Amino acid sequence: MKTIYDIQQFLKKFGTIIYIGDRVADLELMAAELKELYNSQLIETKDYQTAILLLRQEIRMETEKTQMRKGDKNG
């Protein structure tokens, strides 16, 4: 897995499609779903770790973008 799209396709194999409309919420929900799959021993450790790392990086980037936009409006 190299992209968020890859994670979405991976989750789709388990019947999980996530779309709330809020990017960060979508990513956090994907992370929660992956944790459940991992705890249920349905996915391998490497897949779980790779996906969680990607999701955390993307959440951080999205949060920083949001903060920058708020800073532009206030400044």
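Shown above is the structure to which this text applies.
Treat the numbers as computed from the prediction; the structure is a model and nothing was measured. (Residues numbered from 1 in each chain as written. Predicted model: local features only at pLDDT ≥ 70, side-chain atom pairs only at ≥ 80, totals over all residues. Heavy atoms only, no water.)

Visitor: So what exactly am I meant to see when it comes to the overall build of the chain here?
Guide: For the chain, the count of helices and strands is 3 helices and 0 strands. Along the chain, helices (α) and strands (β) appear in the sequence α-α-α when read from the amino end. Taking the principal axes of its C-alpha atoms as reference, the chain extends roughly 50 × 20 × 20 Å. In the chain, which comprises 75 residues, the share counted as buried stands at 29%. (Helix = DSSP H or I, 4+ residues; strand = E, 2+ residues; numbered from the N terminus. Buried < 20%, exposed > 50% of the residue type's maximum accessible area, 1.4 Å probe, protein only.)

Visitor: Honestly, helix 1 (residues 4–12) in this entry has me stumped. Any pointers?
Guide: For helix 1, every residue scored as buried is listed here: Ile-4, Ile-7, Phe-10 and Leu-11. Mapping the buried residues of helix 1 onto a view down its axis gives an arc of 115 degrees, with all of them on the same face. (Arc of directions from axis to C-beta.)

Visitor: Would you explain the environment of Gly-15 in this entry?
Guide: Within the secondary structure, Gly-15 is located in the loop between helix 1 and helix 2 (23–39). As a C-alpha pair, Gly-15 and Asn-39 span 24 residues in sequence and 17 Å in three-dimensional space.

Visitor: It is not clear to me how the side chain of Thr-16 should be interpreted in this structure. Could you clarify?
Guide: Tracing the sequence through the fold places Thr-16 in the loop between helix 1 and helix 2. Reaching out from Thr-16, the side chain makes a polar contact with the side chain of Glu-33 at a distance of 3.4 Å. Contacts of Thr-16, omitting those with residues within four sequence positions, involve Gln-8, Leu-11 and Glu-33. (Polar contact = N/O pair within 3.5 Å; in protein donor to acceptor, adjacent residues only side chain to side chain. Contact = heavy atoms within 4.5 Å.)

Visitor: I keep staring at unusual backbone geometry and nothing clicks. Help me out?
Guide: Among all residues except glycine, the phi angle is most often negative; among peptide bonds, the trans geometry is most common. Located in the positive-phi region is Gln-41, a residue other than glycine, with phi close to 60 degrees. Within the secondary structure, Gln-41 sits in the loop between helix 2 and helix 3 (45–74). Classification of Gln-41 by relative accessible area gives exposed; the value is 71%.

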